[in-house]
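Remarks on the overall topology
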Amino acid sequence: MVEDGAGRTPETTPAGDSAPARPTPDGTPAAESTPARPAPGGQNRPGHGAAAEPAAGPRQTWAALPWLVRSAVVWSACLVVVAAGLYLLGKVATLLAPLAVALAAALFLAALLDPALLLLRRLRLPPAPAALLTVLLPLGVLVGVGVLVWNLTASQFGELSQELGQGLERARDFVTSTLPISDGQLDRLVRQARRAFGGSVPDPVGGLRTAAEVAGFVLFALVLLFFLLKDGRSMWQWTLRRMTGPNREVVAEAGRVGWRTLGAYSRGTMIIAAIDAIGIGLALALLRVPLALPLALITFLGGFVPIIGATLAGAVAVLVALAAKGPGVALLTLAAVIAVQQIEGNLLEPLVMKRQVRLHPAVILIAVTAGTLIAGIAGAFVAVPITAVAYRVVDTVQRHRRAAVEEPPG
C-alpha cells in the first residue's frame, strides 16, 4: 500500500462506490462525486439518492391477471363488437328492406332465367331483345295461368264461403260438446280474437299507398332483371378488371360458385314446388275438395319458402277440406299432404337439389325467420337463397386461403 503525505493509507472502495476525493493544492478535499450506478435488476439501492420505484405499466398489470380473466375479457369485447355490428346491420337492412328484397328477387329470377337467355343468345339474337323476351315470356305465362285459374274457380268462392260457415258451426259444436266451455265463453273468445287481429279500422289511403309502393318495387325488380340479363356478364367482367393480384382469382372463383349455386337452387326449388303442387292438387281433385287449383297454386308458391311454406300450404288445404267435406276427408287430405311432402323431402330433393346447395334444416329455419322479421313474406322468399350463396362464397374463399397457406414456398 502507498501512504499519502499525511501518513494515511487510502481505503480501497468496492466497485460501484464513490472514489475518495483528491486533496486540492491548498489541502482542502474536493467535493467530487460520481453518479451512483443502479443496482442489478434496475432498482437503485436506498441511501444513494435514487428515485422512487415507478408504478407498474398496463402491460405488467394485464400480464399479472389470470389467463381465465384475460380470456373472458377478450371474448366479452369480441361479443360486444359483433353484437353492435349485427345491430347496425339490422337497422340498415330494415331501412333498406324493400330495396334489398327487390335486388335479391331480381338476382334470383336472373339465375332462374339464365338458361333461357343463353338459348336465345345461341340463336343469334342481340342482347337487348334476348333479355326482353326472357323477361316477358315467363311474365306472360304467369299472368295467363293466374287468369285461367281465376276463371275456372271464381264460381266456387261463393260455395266455399257457405261451406266454411257450415264447417265453423260443426267445429263450434265439437268444441262446446268436448271441452268444458260454454257458447257464451266461446263467443267472448272469438270477439277478443277479432279485436286483437282486426280491431283497427282499415285505412284506405294507407292501403293505396302500400299497394303503390309494392307495385313500384315490382316494376323496379323487373327493370333491374332486364339489365342484369342484358349486361350482367359485362358488368361482372368490368368488376374483375378493376382487381389485381391474387384476389382477382379468388373473387372470380367465388363469383362463379355463387352464381352456379343460385341458379341450381332456384331451378331445383321451382321443380320441387311444381311436384308438390301437382301431387297435392291431384289428391284434392280425387277427394273432390273444392278450389283444388287455387290450393295447388298456393302450394306451388309456398314451395319457394322451405319447410314453413309447404307446411302452411298443407294446413290451408286441410282446413278447406274440413270445412267443405268434413273430418273424414280432412284426415285423408292430411295424409296425402304428409305423403307428398315426405316423398319430396326424402327422395326427390336429394336427386333434384345438388349437395352443394343443401343447408341444414336449423339454418333454413333461422334464415326464413330472420327474413320474415326483416321484410315479411318477400324476405322469407329470398332469405334461403341468399344464405346458400353466402355459405358457398365463404367456403370458396376459405379453401383458397387454406391452399395458399399449405402451398410449399418456391
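Residues numbered from 1 in each chain as written. Predicted model: local features only at pLDDT ≥ 70, side-chain atom pairs only at ≥ 80, totals over all residues. Heavy atoms only, no water.

The next thing to look at is the confidence of the model for the chain. Taken as a whole, the chain shows an average pLDDT of 76; of its residues, 75% reach a score of 70 or greater. Confidence drops under a pLDDT of 50 for residues 9-21, and excluding neighbours within four residues, the segment shows nine contacts in the predicted structure. (pLDDT = per-residue confidence, 0-100. Contact = heavy atoms within 4.5 Å.)

Moving on: the packing of helix α10 (residues 308-325) against helix α11 (residues 327-352). At a closest axis distance of 7 Å, the pairing of α10 and α11 adopts a crossing angle of 160 degrees. Judged on the interaxial angle alone, α11 and α10 are roughly antiparallel. When the axes of α10 and α11 are compared, the crossing they make is right-handed. Facing A310, T311, G314, A317, V318, A321, L322 and K325 of α10, the residues of α11 in contact are P327, V329, A330, T333, L334, V337 and Q341. Each residue belonging to the contact of α10 with α11 can be placed in one class, and the counts come to ten nonpolar, four polar and one charged. (Axes fitted to C-alpha atoms, helices over the stretch in contact; angles between N-to-C directions. Helix = DSSP H or I, 4+ residues; strand = E, 2+ residues; numbered from the N terminus. Parallel < 35°, antiparallel > 145°, perpendicular 65-115°, else oblique. Left-handed = near helix turned anticlockwise from the far one by under 90°. Nonpolar A, V, L, I, M, F, W, Y, C, P; charged D, E, K, R; others polar.)

Here we take up the pattern of salt bridges. In the structure shown here, the tally under the stated rule is five salt bridges. Between R392 and D395 there is a salt bridge, and its shortest N-O distance comes to 3.6 Å. One end of the pair, R392, and the other, D395, are both in helix α12 (residues 361-406), three residues apart, so they sit about a helical turn from each other. Given the relative accessible area of 14%, R392 is considered buried. Here D395 and R399 are joined by a salt bridge, their closest N and O atoms 3.5 Å apart. (Salt bridge = Lys/Arg side-chain N within 4 Å of Asp/Glu carboxyl O. Buried < 20%, exposed > 50% of the residue type's maximum accessible area, 1.4 Å probe, protein only.)

Looking now at helix α3 (residues 97-122). If you check α3, its first and last C-alpha atoms are 37 Å apart, about what 26 residues at 1.5 Å a residue would give, namely 38 Å. L113 marks the point of greatest bend in α3, at about 50 degrees, and the proline P115 comes within the next four residues. Phi turns positive one or two residues past the end of α3, at R124, with a value near 70 degrees. (Expected span 1.5 Å × (residues − 1). Bend = angle between axes of the 7 residues up to and from the residue.)

So, about the environment of V368. You can see V368 is positioned in helix α12. Spatially, the C-alpha atoms of V368 and G309 are 9.7 Å apart, while their sequence positions differ by 59 residues. Non-local contacts of V368, meaning those with residues more than four positions away in its chain, are made with V305, P306, I308, A380, A383 and V384.

Turning next to the nonpolar core. Membership of the largest hydrophobic core comes to 14 residues, with the highest contact counts inside it found for F108, L262, L359, I364, V368 and V384. If you list the elements that add at least two residues to this core, you get α3, α8 (246-286) and α12. If you tally residues by element for this core, the top one is α12, at six residues. If you look at the next biggest cluster of nonpolar residues, it comprises 13 residues, including V289, L295, A321 and V340. (Core = buried A, V, L, I, M, F, W, Y, C linked by side-chain atoms within 4.5 Å.)

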